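# Structural overview
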Amino acid sequence: MAQPAPPERRRPPRILFRALNPLFTLILRSPLHGLLSGRLMLLSFAGRKSGKFYTIPVGYARVENTLLLGTESGWKRNLRGGARVRVRLRGRERTGAAEVIADETGMIEAYRTMLTVAPDYGRAIGVRLDPDGQPNREDAALARAQGHVAIRIRLD
């Protein structure tokens, strides 16, 4: 039996991110954070070369004291090697260590957890769960080939 096509990626144009990220950042720092903080958090990190501090809103999945997120954006390079990060999570400032997961096995495991905790995330990256509850390996391989990585943040 043929498998259904992977979910179509819901990837807004970059210009939309540039327009909305400042608004999302403002809301996530305000008493109104509850409007967005169930799905978005603020991630702050230092640039690996410049040392400049960046803060961006990102989607996440939480399992106890671990956050999982994914990206194919260039800022992922700043998180290699256990980079220290700050997050604003559900209105609270937390710190942690980030780990970039780029290997196939690690990404499959991260996707399994992320898609179980946050099923809508699969549409964002174009990865579906198979009937056995595991991420579809072909979808995951395509996402990986497109430069997608998973990021694990272990909160202090």
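Here the residue index of a chain counts from 1 through its sequence in written order. In keeping with the model being predicted, local features are shown solely for residues with a pLDDT of at least 70 and side-chain atom pairs are shown and tallied solely at 80 or more, while totals for entire chains, interfaces and linings include all residues. The side-chain quantities take in all heavy atoms of the structure and omit both hydrogens and water.

Moving on: the overall build of the chain. Elements are defined by DSSP. Helices are runs of H or I of four residues or more, strands are runs of E of two residues or more, and each kind is numbered from the N terminus. Across its full length, the chain carries four helices and seven strands. Its helices and strands in sequence order give the chain the pattern α-β-β-β-β-β-β-α-α-α-β, from N to C terminus. Whereas a compact globule of 156 residues would reach a radius of gyration of roughly 15 Å, the chain reaches 15 Å, a difference of no more than 12%. Each of the three principal axes of the chain carries a C-alpha extent, and together these read 50 × 30 × 30 Å. The buried label goes to any residue with under 20% of its type's maximum accessible area, the exposed label to any with over 50%, and the partly exposed label to all in between, with areas taken from a 1.4 Å probe on protein chains only. Scored against the burial criterion, the 156 residues of the chain give a buried share of 42%. Considering only residue pairs separated by 6 or more positions, the chain has 62% of its internal contacts joining residues 24 or more positions apart. For every accessible area listed, the method is Shrake-Rupley and the probe measures 1.4 Å; residues are considered covered only by the protein chains on display. Accessible area of the chain: about 9,100 Å², with a carbon and sulfur share of 55%. Counting rule applied: Lys, Arg positive; Asp, Glu negative; His and chain ends not counted. One atom stands in for each charge, and that atom is NZ of Lys, CZ of Arg, CG of Asp or CD of Glu. Charge separation in the chain, taken as the distance between the mean sites of 27 positive and 14 negative side-chain charges, equals 10 Å. It is over C-alpha atoms that the radius of gyration is taken, and the globule rule equals 2.2 Å times the number of residues to the power 0.38. Note on definitions: a residue-residue contact is assigned when non-hydrogen atoms from the two residues lie within 4.5 Å.

Only buried residues count toward a nonpolar core. Its members are Ala, Val, Leu, Ile, Met, Phe, Trp, Tyr and Cys residues joined through side-chain atoms within 4.5 Å. Core analysis: the largest hydrophobic core is formed by 20 residues, its most contacted members being Met41, Leu43, Trp75, Leu79, Ile151 and Ile153. Of all the secondary structure elements, the ones that give two or more residues to this core are strand 1 (40–46), strand 2 (53–59), strand 4 (66–71), strand 5 (84–89), strand 6 (92–101) and strand 7 (149–155). Residue contributions to this core peak at four residues, all from strand 7. Not counting residues up to four positions away in its chain, the partners in contact with isoleucine 151 are Leu67, Leu68, Leu69, Thr71, Trp75, Leu79, Ala98, Glu99 and Val100.

Okay, the sheet that holds strand 5 next. Only when DSSP finds a minimum of two bridges between them are two strands counted as paired. Reading across from one edge, 2-1-5-6-7-4-3 is the order of the seven strands in this open sheet, with antiparallel pairing throughout. At either end of the open sheet lies a strand with only one pairing partner, and these are strand 2 and strand 3 (61–63). Mean inter-strand twist for the sheet, computed between neighbouring axes without regard to direction, equals 30 degrees. Packed on one face of the sheet, helix 1 (residues 14–28) meets strand 1, strand 2 and strand 5 and runs near 100 degrees to strand 1. Each axis is a line fitted through C-alpha atoms, taken for helices only over the stretch in contact, and angles between the N-to-C directions span 0 to 180 degrees. Packing of helix 2 (residues 104–117) onto the sheet brings it into contact with strand 3, strand 4, strand 6 and strand 7, and relative to strand 3 it is tilted by some 95 degrees.

In this section: a positive patch on the surface. Within the patch definition used here, like charges are joined within 9 Å and nonpolar side chains (Val, Leu, Ile, Met, Phe, Trp, Tyr) within 5 Å, considering only residues with over 30% relative accessible area and no salt bridge. A carboxyl oxygen of Asp or Glu within 4 Å of a side-chain nitrogen of Lys or Arg is what we treat as a salt bridge. Taken together, the side chains of Arg48, Lys49, Arg77 and Arg80 make up a positively charged region of the molecular surface. Among the structural elements, arginine 80 can be located in the loop between strand 4 and strand 5.

Once that is clear, we can look at unusual backbone geometry. For glutamate 64, which is not a glycine, the phi torsion comes out positive at approximately 55 degrees. By the element assignment, glutamate 64 lies in the loop between strand 3 and strand 4. Residues other than glycine seldom take positive phi values, yet arginine 90 does so here, at roughly 50 degrees. Tracing the sequence through the fold places arginine 90 in the loop between strand 5 and strand 6.

Moving on, we come to helix 4 (residues 137–145). Taken together, the buried positions of helix 4 are occupied by Asp139, Ala140 and Ala143. Around the axis of helix 4, the buried residues are gathered within 95 degrees of arc, so they sit on the same side. Residues of helix 4 that are exposed and point more than 90 degrees away from the buried face comprise Arg137, Glu138 and Ala145. Those residues of helix 4 hidden inside the fold are in contact with helix 2 and helix 3 (121–125). For helix 4, the capping residue at the N-terminal end is asparagine 136, with a side-chain oxygen 3.1 Å from the backbone nitrogen of glutamate 138. Positioned one or two residues after helix 4, glycine 147 has a phi angle of 95 degrees, which is positive. Note that the arc is defined by the directions from the helix axis to the C-beta atoms. Identification of polar contacts relies on pairs of N or O atoms within 3.5 Å, with a donor-acceptor requirement for protein atoms, meaning one able to donate a hydrogen and the other able to accept it, and with residues adjacent in sequence counted only if both atoms are side-chain atoms.

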